[in-house]
Amino acid sequence: MASATSDRDESEGIVFVHEDDGSVTARDLETGLARGGDTRSEALAQLAEVLALHEGGGEPIDDPDEFLRAELDIDPDELEGDRDLPEFL
């Protein structure tokens, strides 16, 4: 069974949950965002990146197809499925 630290103010800060598989999840109490890793430091580093993006950090992708080719070595022409954005976007 997973366990979390419980001697904290539950309205702010970070809670670490030790999962049954040995991994660790870091959860930000203010936003509810969470990320996991093999160690507390890895989970916290992942969470820091997600929080930065959540707060508007990062750079916009001007050309998604070029990003897929250059950064991820994926040919967008070979992707299957509907590539149209959902109506809410």
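Here the structure is a predicted model, which means the values were calculated and not measured.

1. Considering the side chain of Asp-28
As for its position among the elements, Asp-28 is in strand 3 (residues 24–28). Buried and unpaired, Asp-28 has Arg-27 as its nearest opposite-charge partner, separated by 8.5 Å. Polar side-chain contacts of Asp-28 include one of 2.6 Å to the side chain of Thr-31. Residue contacts for Asp-28: discarding those within four places in its chain leaves Gly-13, Ile-14, Leu-33, Leu-47 and Leu-51.

2. Describing the pattern of salt bridges
As enumerated under the stated definition, the model contains one salt bridge in all. As a salt-bridge pair, Arg-69 and Asp-77 come within 3.8 Å of each other at their nearest N and O atoms. With relative accessibility at 63%, the residue Asp-77 sits in the exposed group.

3. Here we look at the environment of Val-15
With respect to the secondary-structure elements, Val-15 resides in strand 2 (residues 14–18). For Val-15, a relative accessible area of 2% translates into the label buried. In this structure the C-alpha to C-alpha distance between Val-15 and Ala-34, which are 19 residues apart in sequence, comes to 9.3 Å.

4. Here we look at the environment of Ala-26
Position of Ala-26 relative to the elements: it lies in strand 3. Judged by its relative accessible area of 0%, Ala-26 is buried. As for Ala-26 and Glu-42, which are separated by 16 residues in sequence, their C-alpha atoms are 9.1 Å apart. In contact with Ala-26, not counting residues within four places along its chain, are Ile-14, Val-15, Phe-16, Leu-33, Ala-34, Arg-35, Ala-43, Leu-44 and Leu-47.

Thresholds, definitions, all that
- Residues numbered from 1 in each chain as written.
- Predicted model: local features only at pLDDT ≥ 70, side-chain atom pairs only at ≥ 80, totals over all residues.
- Heavy atoms only, no water.
- Helix = DSSP H or I, 4+ residues; strand = E, 2+ residues; numbered from the N terminus.
- Buried < 20%, exposed > 50% of the residue type's maximum accessible area, 1.4 Å probe, protein only.
- Lys, Arg positive; Asp, Glu negative; His and termini not counted.
- Salt bridge = Lys/Arg side-chain N within 4 Å of Asp/Glu carboxyl O.
- Polar contact = N/O pair within 3.5 Å; in protein donor to acceptor, adjacent residues only side chain to side chain.
- Contact = heavy atoms within 4.5 Å.

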